[in-house]
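Below, each chain spelled out in residue letters.
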Amino acid sequence: MANQAAWIPAVEADLVLQDGTEIPTPGHGELLVKVKCIAFSPIEAKIQKFGTHPIPYPSILGTSFAGIIESVPPSTTVFKPGDNIAVIRTGAHQGDPRFGAFQKFALADSSSVSKLHPSTPLPAAAASILNLAAVVSALSIHLGLSRPPLSGPPPPANTNKKVLIYGGSSSCGGLAVKYAVTAGYTVVTTSSPANHAFVASLAPAHIIDHTLPATEIVSAIRARGPYAAIFDTIGLPPCTDILVDYLSSVGGGAYNTLIPLEGPEKPIPENVERKFAAYSWALDEPKHAEIREWFYDEYLPKGLESGLVVPTRQHAVEGGLGEAQGVLDLIMKGGVSGHKLVMDPWA
């Protein structure tokens, strides 16, 4: 077997395709995975362009992927060669190129892996796992919402509680809408007319057209409130301004958002709080071990199998690892909407 990887040699440098990269050997708690689907994220594009996450160079980027287990250490009994899995690269391994997704063979930490049913398409799992971890963290850890049951009805008490998910057609927003709806909440969200049908299929109570003038969006949000929780899955300045204006109009409040301030937003008044956190990696923390196990062992794999989780829509990029730089460039140009770009590194 031979490995191939797309390396980033230095800060802000373009990726370099390299054959002959060493195939790593899994140690205790690790799995060697034949990567079959890379799911690209703005995280990687921002690391390359702005150095947002300090890492040693040269390195291999890539935060989430799916594939087939190639080998396991003797101490591992839960996983075996041939298992299909989806993987999130943990925060502790961001600086270790052996765990990067942009290669044909990568290591995975067994604590951040979901074993998939054979019927689950690998692209669907790869495209969903990172954003779904952020959704679980944001809604159930940070905002305190109930988790959706894997079967049976949700708690009836949730029906009278409204949740605002701003950006229901985004790759994270669609997962958040479905999560809150299946947990029994009355969900209000936003979408463009082009994505209305997809968002409607997730069964929110109301969909606000986010192509309306900002003042009309604020009025529509206010008319359908108040909200037990607000999660902004876009986070760009126009969305920040809208949510700050809404909260200001009702006397203040707090909401959670997917990305830090980018500017230029309006000044945020003292009675409004915009909360950002590294949601996906919150599941790595020991204090969240129970919800982490639920997410990786139960919710993601069983939800994808049963349809409880509606996977993020995918767009496959042809050409293999040699096209990885072009994908990152496209993400930075804002050329991706409502989909995850995925790639088979062997194609």
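Because the structure is a prediction, the values reported are computed rather than measured.

Caption draft 1: Representation of the packing of helix H2 (residues 122-142) against helix H8 (residues 289-306). Where H2 contacts H8, the axes come no closer than 11 Å and their chain directions differ by 130°. What the angle tells us is that H2 and H8 run oblique. Remark: the crossing between H2 and H8 carries right-handed chirality. Facing Ala125, Ile129, Leu132, Ala133, Val136, Ser140 and Ile141 of H2, the residues of H8 in contact are Ile291, Trp294, Phe295, Tyr296, Tyr299, Leu300 and Leu304.

Caption draft 2: Summary view of the UniProt feature "domain: Alcohol dehydrogenase-like N-terminal" (unreviewed entry) in the chain. If you check UniProt for "domain: Alcohol dehydrogenase-like N-terminal" (unreviewed entry), the listed places come out as residues 28-116 in our numbering. Structurally, residues 28-116 comprises 10% helix and 37% strand, and the distance from its first C-alpha atom to its last is 21 Å.

Caption draft 3: Seen up close, the sheet that holds strand E1 (residues 3-8). The three strands lie next to each other as E2-E1-E4, forming an open sheet whose pairing is antiparallel. The sheet terminates laterally at strand E2 (16-21) and strand E4 (59-60), the two strands that pair on one side only. As paired elements, E1 and E4 share two bridges and run antiparallel to each other. Its bridge partner lying in E4, Trp7 is registered against Ile60.

Caption draft 4: Expanded view of H2. Its 21 residues give H2 an end-to-end C-alpha distance of 29 Å, which sits within 8% of 30 Å, the value for a rise of 1.5 Å per residue. Summarising burial for H2: 18 of the 21 residues are buried, a large majority. In the stretch just after H2, Gly144 is the one whose phi turns positive, near 75°.

The rules we used
Residues numbered from 1 in each chain as written. Predicted model: local features only at pLDDT ≥ 70, side-chain atom pairs only at ≥ 80, totals over all residues. Heavy atoms only, no water. Axes fitted to C-alpha atoms, helices over the stretch in contact; angles between N-to-C directions. Helix = DSSP H or I, 4+ residues; strand = E, 2+ residues; numbered from the N terminus. Parallel < 35°, antiparallel > 145°, perpendicular 65-115°, else oblique. Left-handed = near helix turned anticlockwise from the far one by under 90°. Contact = heavy atoms within 4.5 Å. UniProt positions renumbered as here; feature names shortened; annotations may be inferred. Pairing = 2+ DSSP bridges. Expected span 1.5 Å × (residues − 1). Buried < 20%, exposed > 50% of the residue type's maximum accessible area, 1.4 Å probe, protein only.

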